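Descriptive analysis of the structure
Spelled out, the chains give:
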Amino acid sequence: MQSGEIHKYRTHTCGELRASNTGSVVRLSGWLRNRRDHGGVYFIDLADHYGVTQVIIAPGTASYELLSGLPKETVIRVDGMVVARDAGAINPGMVTGEIEVRVTEAELLGTTEPVPFSVFPESQVPEDLRLTYRFLDLRKSKMHANILLRSRIIASIRRRMVDLGFVEYQTPTLTASSPEGARDFLVPSRRHPGKFYALPQAPQMFKQLIMVSGFDRYFQIAPCYRDEDSRADRSPGEFYQLDLEMSFVTQDDVFKAVETLLAGLFTEFRADRPITATPFPRIPYSEAMLKYGSDKPDLRNPLVIQDLSEMFRESTFRAFAGKVVRAINIPGGAGKSRTFFDKLEEQAKGGGAAGLAWLTVEADGSLKGPVAKFLTPETAERLKSECSAGVGDAVIILADTEVAKMCRILSGLRDNLGRQLGLIEENVYKCCWIVDFPMYETDDDGKIAFSHNPFSMPQGGLDALNNQDPLTIKAFQYDIVCNGYELSSGAIRNHQPEIMYRAFEIAGYQREEVNSRFKALINGLKYGAPPHGGIAPGVDRIVMLLADEPNIREVIMFPMNQNAEDMMMNAPNTVRPEQLRELHIRVVEPPTKKPAEQA
RNA sequence: GGGGACGUAGUUCAGUUGGUUAGAACGCCGGCCUGUCACGUCGGAGGUCGCGGGUUCGAGCCCCGUCGUCCCCGCCA
């Protein structure tokens, strides 16, 4: 504000005035969030980014004439004097509740049409409407708080990373497509007909080359673009990772840095919620799949899966014999109704199971249930002991030949049971590392493919690649999981060209193809690459966990919907024919589907 | 690509066994009201029951199709 002259819009914000300001003449601007007209006295809740202040207007004045007819969410400016409220009129629920501003003059700054949904009071609104009018949705206090929390978290991450000795570097967002991974978003080149840039799925090769360049301890809040379908915890199109990479490190060094960061960050923002003490438990991938059926187990859920394949190997019970047999003990499950188990079976069948067996442990220790008669007394005893099932418990059992499918079903049952029975520990962050991921898996055609990042160092190095069954080779590849969310994925990288060529050869890439597709990285490795490794925690998911939101769109300002459309901006959209011509692009409509509606 | 849930006023919802003119609250418009803060109060406007077809004397309700949103599987090195 210039000396002696009042600012055009405001002397204070709407969250600022206190009893100590009583007597001051002030100017406020903001949104008419709510109003209460008592005829003889007219109140407005004036709101801005900082808070809400009650202003009071006397009838019969020019200000009343102007303000009384305005709809909610109109933008106005008011001048007036700060007055202390009478004791009985103080609102302890508002930080500005001890005062109000008695309006002497008012100005209309921005008109509004009737809002398509209520900004205040905040009510439930269909999400497509919220996304179309996101600028209104973001005015609501919960969304406003989430976005501010996000900002503070990111600021804290940067501060903490710098304190840990990391340096922030930027990398390009127009780069080259590379095989492996998700589908790319492509950007056509005007100057190179038929050629395309790709938006980076992650700055993977760049960050490795930053290490090769002799920098160390890189980090970046990096935008990542992947053309994959959305989930509640996965925003379609783009998201942000805290991308980091370190030179001359072992897996343990990376773990230590990330544990320090996350434990500090979570404690800073959720002091009310204990987080797993560091070092976080390390669970081998194979153990996670066995015990939880998932590589992102929610450790707040105490239920575990038990493998019973061995005890049924020679069984005369044909449904189990020779198959992979796995079970979950449900404490107190014997008291559950037939319907309860039928619903579990329905869920299992929905996932592709042939059926679901269940047994209850009766008061005399005997087993009861549809398959009980097929079990010998010895088997029954062994089953109870292996599942730690006691009197009053129930055991559900699945048998199948496809282990992967079975894990998925059991994981779903475990999640569902945990929720349904209220077993999930609340108000706590349970973190763990999943380690020793397999280097390879078989793809749909039965071919050997990378199961994770192709740039990971195989455990055992070249020797393992040359002499081991590829499917048994583990990688220095790790995930960090919190409350069932995969927070990040990382690896110690393969920094030796010969091991890299061999690793790709096993996945079906010849040397020439590696040279052309991964030219920059393989070249870099040939000129003195340091051993290095890193990880990339998902920023959106971290915010989601700290904000306690079940949906990632609640912590993103302008998210796309499930069909990867921005309903506010109307993206994607058609472009002018001359733009296409310039880019040497011709659109070929899919044969069956009708062209998308023009907006 | 597949499975599920939902779709009634601007918004949130109700709507009986298929039966006359589809209701309520909030919002909007117009009154009244000097202490509210989710103000109260009186009145008013506002509906192609997502869309299309079918069954029926009669459909918001039943059947088929379709569209949209969300959740899940596939996908996500």
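Attention here is on the structure that accompanies the text. (Residues numbered from 1 in each chain as written. Chains lettered and ligands numbered in written order. Predicted model: local features only at pLDDT ≥ 70, side-chain atom pairs only at ≥ 80, totals over all residues. Heavy atoms only, no water.)

Turning to the packing of aromatic side chains, a few remarks are in order. How two aromatic rings sit relative to each other is given by the distance of their centres and the angle of their planes. Across all of its chains, the model carries 21 aromatic pairs by this definition. Both rings, one in Phe455 and one in Phe504, keep their centres 6.3 Å apart while their planes meet at 50°; by these two values the pair is tilted. On the criterion of sequence distance, the pair formed by Phe455 in the loop between β19 (448-450) and α12 (461-467) and Phe504 in helix α13 (residues 497-506) is long-range, its members being 49 residues apart. Phe504 shares its class with Phe455; the two are buried. On the basis of an interplanar angle of 75° and a centroid distance of 6.4 Å, the ring pair of Tyr509 and Phe518 is categorised as edge-to-face. What makes Tyr509 buried here is its relative accessible area of 12%. Judged by its relative accessible area of 3%, Phe518 falls in the buried class. (Phe/Tyr/Trp six-rings, centres within 6.5 Å; stacked < 30°, edge-to-face > 60°. Helix = DSSP H or I, 4+ residues; strand = E, 2+ residues; numbered from the N terminus. Buried < 20%, exposed > 50% of the residue type's maximum accessible area, 1.4 Å probe, protein only.)

We now examine the pairing of strand β4 (residues 75-84). The buried fraction of β4 is high, at 7 of 10 residues. With 7 bridges connecting them, strand β1 (residues 25-37) and β4 associate as antiparallel partners. Within β4, the residue paired with Val25 across the bridge is Met81. Two strands pair when backbone bridges link them, and β4 and strand β5 (residues 99-110) are joined in this way by 10 bridges, in the antiparallel orientation. Bridged to Val75 within β5 is Gly110. (Pairing = 2+ DSSP bridges.)

At a closest axis distance of 11 Å, the pairing of helix α4 (residues 141-163) and helix α6 (residues 251-269) adopts a crossing angle of 145°. α4 and α6 meet at a crossing whose hand is right-handed. Residues Leu149, Arg152, Ile153, Ser156, Ile157, Arg159, Arg160 and Met161 of α4 form the contact with α6, whose own contacting residues are Leu261, Gly264, Leu265, Glu268 and Phe269. Of the residues contributing to the contact of α4 with α6, the split by class is 7 nonpolar, 2 polar and 4 charged. (Axes fitted to C-alpha atoms, helices over the stretch in contact; angles between N-to-C directions. Left-handed = near helix turned anticlockwise from the far one by under 90°. Contact = heavy atoms within 4.5 Å. Nonpolar A, V, L, I, M, F, W, Y, C, P; charged D, E, K, R; others polar.)

Once that is clear, we can look at the protein's contact with RNA strand B. Taken together, 51 residues sit near RNA strand B, with Asn34, Asp37, Glu228, His452 and Asn453 positioned nearest. Backbone sugar and phosphate groups make up 55% of those atoms of RNA strand B lying within 4 Å of the protein. Between RNA strand B and Glu228, the relevant distance is 2.4 Å, taken from a sugar or linking oxygen to a side-chain nitrogen or oxygen of the residue. Elements supplying a minimum of two residues to the surface near RNA strand B: β1, β2 (42-48), β3 (51-57), β5 and α2 (127-132). No other element matches the 4 residues that β1 contributes to the surface near RNA strand B. (Near = heavy atom within 4 Å. Polar contact = N/O pair within 3.5 Å; in protein donor to acceptor, adjacent residues only side chain to side chain.)

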